[in-house]
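If you want the building blocks of each chain, they are given just below.
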Protein chains: 2
Amino acid sequence: MWADLGLLTGKMKNITLASSEYDSVVNMNLNLFVALLCGCIVIGHYLEESRWMNESITALVIGLCTGSFILLTSGGTNSHLFVFSEDLFFIYLLPPIIFNAGFQVKKKHFFRNFMTIVLFGAVGTAISFTIISFGAIHIFKRMNVGSLDLGDFLGAIFSATDSVCTLQVLNQDETPLLYSLVFGEGVVNDATSVVIFNAVQHFDLSGFTTSDAFNLVGNFFYLFVTSTFLGACAGLLSAYVIKRLYFGRHSTDREVAIMILMAYLSYMLAELFYLSGILTVFFCGIVMSHYTWHNVTEKSRVTTKHAFATLSFISELFIFLYVGMDALDIEKWKFVQDSPGKSIGVSSILLALVMVGRGCFVFPLSYLSNLTKKNRNEKITGAQQVLIWWAGLMRGAVSMALAYNQFTRSGHTKLRGNAIMITSTITVVLFSTVVFGLMTKPLVRLLLPASENMSRMASYEPTSPKSFIVPLLGNERDPEAESGQTRSTFRPSTLRVLLSTPSHTVHYYWRMFDDAFMRPVFGGRGFVPYIPGTPTEQSVHNLIPKEDNI
Amino acid sequence: MWADLGLLTGKMKNITLASSEYDSVVNMNLNLFVALLCGCIVIGHYLEESRWMNESITALVIGLCTGSFILLTSGGTNSHLFVFSEDLFFIYLLPPIIFNAGFQVKKKHFFRNFMTIVLFGAVGTAISFTIISFGAIHIFKRMNVGSLDLGDFLGAIFSATDSVCTLQVLNQDETPLLYSLVFGEGVVNDATSVVIFNAVQHFDLSGFTTSDAFNLVGNFFYLFVTSTFLGACAGLLSAYVIKRLYFGRHSTDREVAIMILMAYLSYMLAELFYLSGILTVFFCGIVMSHYTWHNVTEKSRVTTKHAFATLSFISELFIFLYVGMDALDIEKWKFVQDSPGKSIGVSSILLALVMVGRGCFVFPLSYLSNLTKKNRNEKITGAQQVLIWWAGLMRGAVSMALAYNQFTRSGHTKLRGNAIMITSTITVVLFSTVVFGLMTKPLVRLLLPASENMSRMASYEPTSPKSFIVPLLGNERDPEAESGQTRSTFRPSTLRVLLSTPSHTVHYYWRMFDDAFMRPVFGGRGFVPYIPGTPTEQSVHNLIPKEDNI
C-alpha cells in the first residue's frame, strides 16, 4: 500500500510548491516548525517525570495549540504550516522510526513470541478488517453517509495499526512481552495491510470466491517472505562488506555511512518492488544489530546507536506535531458545521468498530496461543490480554496518511462525504492517541503492579530444566561463553524435549547454525577481525545497555 | 544568492514529479544512486592509500562511468538518473557539509589568520569577480558568444569558490595553515557572493558610481555581521538550553536532536532573511563545538562528532557523484556538436580567467598580509602562496548550481548561447576538480617537503616570548589550567607588546572574557554541571582526537 502512495505524492508537491510566493511562505513555516520541534524536546524533558504524559502527546498538544494560534491569527483560513505530504511521511519519516525499532528491539523477546506475533499481525488484521468493513458498510448505509465501497476502505484504513504510537506508549524495558507483541504485530500488520489494500482496490469483495482467498493468503506469504528476505540480505551484505574491508581501521564515518545507506536502500528497494518496506527495514535493522554492529569500531557503535535513535526521535516528534496542527484544518471542518451530530456519530461508530474489531482477535488468538504453551509463565494472562488490546487501539499518522490518500486530492476535498471521513479520521486519531495514550501508563501500573511486572520479567525466562538457562543466558552476561564450551552442555536428544519446548530448541539450533556458518562469514558479537599488528578492539559493555542477543 | 535559488526549485520539482509514471522511474533511479554511493565508499576505501586520488575524484569518475553506461543503454537520450535540483543541493546537501566544517575546524588556526581570511574572502573575491567579468565581456564579445550581460554573471559564477572541493583536496592535519586560509576564504566568499550576485541582478554595473560602491561595501559588512551573529546566537542558545536542562541525565538522543535542529534552524533562518546561510551555519558549528559540545554527555560527544562527519561525507559523495553523471547530459552537448572549437575555446578562456583572477589577489594580498606580521614564522612563504592559489582554483557543485540557475529553466535550455555556457561550466568544473584536484597532493609534497611541513607546523606556535606559550598551550594539554592559576602569569602591560603580537593579545583577552562571562553561562570545556548526587562526568580525551580550543 505504501508503494501506491508514492505515486500520488508528485501531484501534491505541485500544489505545495507551485508559486514562488508560496515557497517563501513554506520556508518561513519550516523555520517555525523546526523551532516548535525544539520546543517539544525541551517541554518533553520537563514533563518526563510525569506519570501520564509521553513525548508524543506533548507534541500533539503543542501542535493543537499552535494550530489554534495560527487559525486565530490567519483569520480562520488555515491552521497548518504546510500541507501533509505522504511522500514526506513514507519516504523520510517512517523508515528511520521502523529501522531504529528493529535495531534496538530485544531480539530474544521478539523471536520467542514470533508465532504469536505473526498470528496477531496476519490473522488478527484480517479479522479486524472484516469486522470494521462489515460494520461500516451496514451502519453508514442506514446513516446515508458516503458511497457504498467506503466501508472497505475504512476497514483498510483502520485495521492498519500504527507502530509509531505503540513505540511511544509502551516501554520496552518495563513491559518487554507487551512491547514485543504489540509492536511486532504492528510490523507484520504492514505486510497484511499491503495485501488487503490491494485486494480492496482490485477485487470486488462482494463476489469473493475461495480461490480469491487462497490467492490473497499466497500473496501475503509471498510478501512476508520476500520482504523479510530483502531486509536480511541488505543487513548481511553490510555486515559482510564491513567485515571484509574493516573500514574502522581508516574511518568510522565510512562504516556509519554504509550502514545508513544500506538500510535506506533496503526500504527503497522494497517500495520499488511493491513489497512491505516496513517489514524489510525492520528486519534489516535486526540483522544489522546482530552482525554489522559488532563488526564496527567502538566509536561507530556509539554513533550508530544514538544517531539512529535520534533520527527516529525527531521523526516521531515531527509526525505528532504535524498531526496536532493539521487536526484543526478549517477546510474539512466547514462541511461538518451543518451536521455536527452526524460527524460525532460517525467518529464514535468508527472508534467503537476499532475497539470491537481488535477485541475480536486479541482474546481468541491469545487463547489459541496459550494452548500451544505448556509453561504457565509463558502464557498470556488475562490482564496482559487486556493491555495488548488496549495498547493497539491507537491510530496515528499512518491512518491519517491513508485517509488523505483515499479521500482527498492534493490535500483538498470538495465532497461532503469525503470531508466527513477525513474529520472522523482526525477525531479517531486524536481521541485514541490522547485518551488511550494517556491512560496506557496508569493502566499498565494498575493491571501489572510493579512487583508482579518485575517478577514476571525475571520469571519469564524458563526456570526448568536448569540446564537450559546456563547456555542461553550465560552468553548475555559472559562473553567468554562465545567459545562454545558452555553451550555444548545441552543437547536436545529426545523428540519429547523438542516438542515441549519448541521455541527454545529452535533457538538452540539457530545458535548452532549461527556459530557454524553465519558468524565466520558475517561477523557478529565477539568478532575480532584479524589485522596483523593492530590491537584488537574489545566491546565496551557499559556503553551498550540495551543490547541483547538472539 | 542561495535564497533566490530556493524560489526557483518549486518549478523544477513540478517537471520532475509531474507524472506518476516518472515518479516510479525516479524511485528506481534513486535506488541505483544510493547503491552507487555505497560503491563509491567501498572503492574510495581501496584507493585511500593512493597518493593521487581522493574520495571526490573517485565519486566523479564513477559518476562519469555510470553516465556513459546510461547514455549507451538509453540509446543516447540522457545520462543522469534525475534532474539537478538546486533545492536538494542548497537545502539538504550543503548545510551538513559546511556545519561539519565549522564543527571540526581547528579554531586556533582559523582565528589566528582571521584578518587574512577576511581579506582574501572579501577583497579577493571582488578582485576575482572584476577580472573574470571584464575578461569575459571583452573576449566573448569578439567571439560573438551569448549576450552582453553574460560576463557579469560568469564573473559571479566563477568567483564563487567551492569550499566543498577545498575540504576534499586539503588535509587539515597535514597543512593546517593552508587549510584554514583556503577554506576560511571559501566561507567568507559566500557572503561576498551574495552581495555581488544581488548587485549583478539589480544594478547596471556599467554606470557604477562611488555611492553604489559604498552601498555594496556596507551591504557586505551588514551581511557578514548579521550572518555571523545569527550563527553564534543559535550555537549559544543550544549551549545554554543543554547546560540548563542537562538533558544527558535523561537522554542522549535529546541532546543530539537539539544540536541537529538548532544548526539546521540557523541555516534556514539565514536563508529566510536573505543572509549568507553558509556563514551562519559555519559559525554555528564553531560555537557549538566550543560550548555545546562540552556540555553534553560523553556518548553525545562521540555521536555528534561522527554523525555530523558522516552526514557531511555522504553529502559530498552525493554531490560529486551527481556532477560526474550530469556532465554527460546529452541535451546540452548537442548544441556544441556543430562548433566544438568554440566550446573548447570558451572553456579554456574561462579556466584561464579563473587562474588569472585568483593569481591577481592571492599574491598581492599575501604580500599585504605579510607586511602586518613581524614574526618570520607567521608570514606566508612563496611556496605557500602558490599552493593557496592552486588549491582555490577548483570550481564544483556550487558553480554548477549557479550556472543551471542562470542559464536554464527547469534544467533544460533551448538557447545555443546558454547551452555553451552550461557545457563550458561543466568542462571547467570537471577539468579543475580532476586535474587540479589530482595534482594538489603531489604539489603539496613537492613545495612543502614533509620535514619542512612538519617543522613548520610545530614552529608555527610563536616561540618567543616564552611566557606566551604556557598559558595559551598549557590549557590544551592540561585541563587543570582551566582554574586560571597558570594563566595569570602573563599580563600584557605595555603597548609595545600589544602591537607586536596583536592576534595573541586579542586571543588572551578573548580567553579572559570567555572565562569570566561566557563559560559561566554557556558552559564549554571543563564545564561540570552541578547536579546534587549525580556523579559528574569527566571528558575522555582519547575519544576526542581532533578537538582543540580557541
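Residues numbered from 1 in each chain as written. Chains lettered and ligands numbered in written order. Predicted model: local features only at pLDDT ≥ 70, side-chain atom pairs only at ≥ 80, totals over all residues. Heavy atoms only, no water.

Student: Please set out the overall build of chain A residue by residue, giving values where relevant.
Tutor: In terms of helices and strands, chain A carries 22 helices and 0 strands. Counting every position in chain A, which comprises 550 residues, the buried fraction comes to 61%. Sequence-distant contacts in chain A: of pairs separated by 6 or more residues, those separated by 24 or more amount to 82%. About 21,700 Å² of surface is accessible on chain A, with carbon and sulfur atoms providing 66% of the total. (Helix = DSSP H or I, 4+ residues; strand = E, 2+ residues; numbered from the N terminus. Buried < 20%, exposed > 50% of the residue type's maximum accessible area, 1.4 Å probe, protein only. Contact = heavy atoms within 4.5 Å. Areas by Shrake-Rupley, 256 points an atom, 1.4 Å probe, with all protein chains shown as cover.)

Student: Would you mind going over helix H13 (residues 298–326) of chain B in detail, with residue names and values included?
Tutor: Taking 1.5 Å of rise per residue, the 29 residues of H13 of chain B would be expected to cover 42 Å, and the 42 Å separating its terminal C-alpha atoms lies within 8% of that figure. In terms of residue burial, H13 of chain B counts as a mostly covered element, since 26 of its 29 residues are buried. (Expected span 1.5 Å × (residues − 1).)

Student: Any details on the pattern of salt bridges? Residues and values, ideally.
Tutor: Applying the stated criterion to the full structure yields 6 salt bridges over all chains. Here aspartate 514 of chain B ties to arginine 519 of chain B by a salt bridge, and the two come within 3.2 Å at their closest N and O atoms. We note that aspartate 514 of chain B, like arginine 519 of chain B, is buried. As a salt-bridge pair, aspartate 515 of chain B and arginine 519 of chain B come within 3.0 Å of each other at their nearest N and O atoms. Of the two residues, aspartate 515 of chain B and arginine 519 of chain B are both situated in helix H22 (residues 502–522); the distance of 4 residues between them amounts to about one turn of the helix. A residue is classified by how much of its surface remains accessible, and aspartate 515 of chain B, at 24% relative accessible area, is partly exposed. Judged by its relative accessible area of 11%, arginine 519 of chain B falls in the buried class. Among the charged side chains, a salt-bridge network with shared partners connects Asp514, Asp515 and Arg519 of chain A. (Salt bridge = Lys/Arg side-chain N within 4 Å of Asp/Glu carboxyl O.)

Student: Let's hear about the packing of aromatic side chains: which residues, and what values?
Tutor: Scanning all chains against the criterion turns up 42 aromatic pairs over all chains. A ring pair is formed by phenylalanine 111 of chain A and phenylalanine 114 of chain A, whose centres lie 5.8 Å apart and whose planes are at 25°; its orientation type is stacked. Judged by centre distance (6.4 Å) and plane angle (70°), the rings of phenylalanine 110 of chain B and phenylalanine 283 of chain B are edge-to-face. In this pair, phenylalanine 110 of chain B is assigned in helix H5 (residues 107–112) and phenylalanine 283 of chain B in helix H12 (residues 277–295), connecting sequence segments 173 residues apart. The rings of Phe110, Phe111, Phe114, Tyr179, Phe183, Phe282 and Phe283 of chain A are connected pair by pair, giving a single aromatic cluster. The cationic tip of arginine 301 of chain A hangs over the ring face of tryptophan 293 of chain A; the distance from NZ or CZ to the ring centre is 5.9 Å. (Phe/Tyr/Trp six-rings, centres within 6.5 Å; stacked < 30°, edge-to-face > 60°. Lys NZ or Arg CZ within 6 Å of the ring centre and 35° of its normal.)

Student: Quick rundown of the environment of arginine 244 of chain A? Include the residues and the values.
Tutor: Inspection of the secondary structure assignment puts arginine 244 of chain A in helix H10 (residues 210–245). Sequence spacing of arginine 244 of chain A and glycine 523 of chain A is 279 residues, and the spatial spacing of their C-alpha atoms is 9.5 Å.

Student: Got a sec to walk through the packing of helix H15 (residues 340–371) of chain B against helix H18 (residues 416–447) of chain B? Specific residues and values, please.
Tutor: All names here are of chain B. Put simply, H15 and H18 touch, their axes get as near as 9 Å, and they point 55° apart. In terms of their interaxial angle, H15 and H18 are classed as oblique. Considering only the axes of H15 and H18, their crossing is right-handed. Only Arg416, Ile420, Met421, Thr423, Ser424, Thr427, Val428, Phe431 and Phe436 of H18 make contact with H15, whose side of the interface consists of Lys342, Ser343, Val346, Ser347, Leu350, Leu351 and Met355. Looking at the contact of H15 with H18 residue by residue, the classes come out as 9 nonpolar, 5 polar and 2 charged. (Axes fitted to C-alpha atoms, helices over the stretch in contact; angles between N-to-C directions. Parallel < 35°, antiparallel > 145°, perpendicular 65-115°, else oblique. Left-handed = near helix turned anticlockwise from the far one by under 90°. Nonpolar A, V, L, I, M, F, W, Y, C, P; charged D, E, K, R; others polar.)

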